[in-house]
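Spelled out, the chains give:
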Amino acid sequence: MAGMTVGFATGTDTREEVRTEEKTDLDQPWVVVVWNDPVNLMSYVSYVFQTYFGYSEAKARTLMLEVHEQGRSAVVSGSREKVEQDTVALHSYGLWATFEKAGSE
Amino acid sequence: MAKPFRSTRRGITGALEPGEARLLGALLDDVISMLEPDTAPSEDPLAALVGMSGLDAEATAPDDSAVRRLLPDAVRGDDDEALAFRRLTERSLREQKIGALRGTALLIESSPMTLNDEQARLFAQALNDVRLVLADRLSIETEEDAEHLHDIADSKDVDDVESYLALVYNFVTWLQESLVQAMLKATRLDR
């Protein structure tokens, strides 16, 4: 697990953008949150992050461990339409995912 | 005992014993019947025309906790929003899952199996859905619950319905883990 620090640059950028601007709902980035559950295999969650989002093995593992250890992880951000689509796709894989406005947590 | 899945040049290969294939087939059928919608798809020609025949204005959050886990709320803390989204998307999600489960039921009719990437993905999705349902029936809610069941790995350990279910759960878990490891290996080789 050591040395896995890649992958959050994009998320951080978009969150700052939200805080500094007063935007309409439509303009605000949204995030997909994946929640921990005791059934989904760590290997399977990594596989889904790699193949569905195209993340590197290292980034997928970092996000998977964040879900596992912190109970949740915002795994991708984007327009409302995109996060809706991604949430349903993750449900088709059996992951426990929701979408919300970036920075709601 | 089934052979673990392996990543080969021809695809991902695996083999189930006949009894294991029958058991898995029955589990896949169970999950399919849980996911089949109660109502027919919308036959509104306008809805079909704009590609929204997946709409289900009557959908509500499922009563069965296992089905609710397969078709979870996409929005947390806002039941109205979650329900509105469910009505837009739940039917097609049910259909996608049923497709993966049926496809997998066909794949396990041959032994050994050779899976391409797409078949392997659907197989892993189907095994995951089977495990989610079994876990609900076994009341696996925490990591400790899951670990507790882990010891039941042999038919000698089975003395009631719950320990039988646990044995089945552990078998499907082993099978999925072996499949996913083979898929991850194949992904690494592709990159």
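Preceding this paragraph is the structure being described.
What about the sheet that holds strand E2 (residues 72–78) of chain A?
Residue and element names in this part refer to chain A. With antiparallel pairing, 3 strands are arranged side by side in an open sheet as E2-E1-E3. Of all the strands in the sheet, just E2 and strand E3 (97–101) have a single pairing partner and so form its edges. Taken pair by pair, the neighbouring strands of this sheet meet at an average axis angle of 30 degrees, ignoring direction. Pairing between strand E1 (residues 30–35) and E2: 6 bridges, direction antiparallel. What sits directly across from Trp30, in E2, is Gly78.

Section: the packing of helix H2 (residues 42–53) of chain A against helix H3 (residues 57–70) of chain A
All names here are of chain A. Interaxial distance between H2 and H3 falls to 8 Å at its minimum, and their mutual angle equals 130 degrees. Overall, the two elements H2 and H3 adopt an arrangement that is oblique. Judged by the sense of rotation from one axis to the other, the crossing of H2 with H3 is right-handed. Here H2 contributes Met42, Val45, Ser46, Phe49 and Gln50 to the contact with H3, which in turn contributes Glu57, Ala60, Arg61, Leu63, Met64, Leu65 and His68. Residues of the contact of H2 with H3, tallied by class, amount to 7 nonpolar, 3 polar and 2 charged.

Side note on the pattern of salt bridges
Applying the stated criterion across every chain, the model contains 15 salt bridges over all chains. Of the charged contacts in the structure, one is a salt bridge between B:Glu81 and A:Arg80, with a shortest N-O distance of 2.6 Å. Linking B:Glu81 in helix H4 (residues 79–107) with A:Arg80 in helix H4 (residues 80–92), this pair reaches from one chain into another. Note on A:Arg80: relative accessible area 26%, which makes it partly exposed. The shortest N-O distance in the salt bridge between B:Glu90 and B:Arg94 comes to 2.8 Å. With a gap of 4 residues between them, B:Glu90 and B:Arg94 both fall in helix H4, about one helical turn apart. Shared partners join several salt bridges into a network, and the residues in it are B:Asp73, B:Arg86, B:Glu90 and B:Arg94.

Remarks on the interface of chain A and chain B
How large an interface is tends to be reported as the accessible area lost when its parts come together. Taken together, the contact pairs 30 residues of chain A with 37 residues of chain B. On the chain A side of the interface with chain B, the three residues burying the most area are A:Pro38, A:Val39 and A:Tyr47, jointly 22% of the side's total. Between the two partners, chain A and chain B, sit 3 salt bridges. Inspection of the region where chain A meets chain B yields 11 residue pairs in polar contact (both at pLDDT 80 or more). Of all elements in the fold, only H2, H3, H4 and E3 of chain A reach the threshold of two or more residues within the side of chain A that touches chain B. For the side of chain A that touches chain B, the element with the highest residue contribution is H4(A), accounting for 6 residues. Counted by class, the side of chain A that touches chain B contains 13 nonpolar, 13 polar and 4 charged residues.

Describing the packing of aromatic side chains
Under the defined criterion, the tally for this structure stands at 10 aromatic pairs over all chains. When the centroid spacing of 4.9 Å and the interplanar angle of 75 degrees are considered together, the rings of A:Tyr52 and A:Phe53 count as edge-to-face. Judged by relative accessible area, A:Tyr52 falls into the partly exposed class, the value being 29%. Ring plane angle 75 degrees and centroid distance 5.5 Å describe the contact between B:Phe5 and B:Phe123, whose orientation is recorded as edge-to-face. In this pair, B:Phe5 is assigned in strand E1 (residues 3–8) and B:Phe123 in helix H5 (residues 117–137), connecting sequence segments 118 residues apart. The class of B:Phe5 is buried, set by a relative accessible area of 5%.

Rules of the game
Residues numbered from 1 in each chain as written. Chains lettered and ligands numbered in written order. Predicted model: local features only at pLDDT ≥ 70, side-chain atom pairs only at ≥ 80, totals over all residues. Heavy atoms only, no water. Pairing = 2+ DSSP bridges. Helix = DSSP H or I, 4+ residues; strand = E, 2+ residues; numbered from the N terminus. Axes fitted to C-alpha atoms, helices over the stretch in contact; angles between N-to-C directions. Parallel < 35°, antiparallel > 145°, perpendicular 65-115°, else oblique. Left-handed = near helix turned anticlockwise from the far one by under 90°. Contact = heavy atoms within 4.5 Å. Nonpolar A, V, L, I, M, F, W, Y, C, P; charged D, E, K, R; others polar. Salt bridge = Lys/Arg side-chain N within 4 Å of Asp/Glu carboxyl O. Buried < 20%, exposed > 50% of the residue type's maximum accessible area, 1.4 Å probe, protein only. Buried area = accessible area lost by both parts, 1.4 Å probe. Polar contact = N/O pair within 3.5 Å; in protein donor to acceptor, adjacent residues only side chain to side chain. Phe/Tyr/Trp six-rings, centres within 6.5 Å; stacked < 30°, edge-to-face > 60°.

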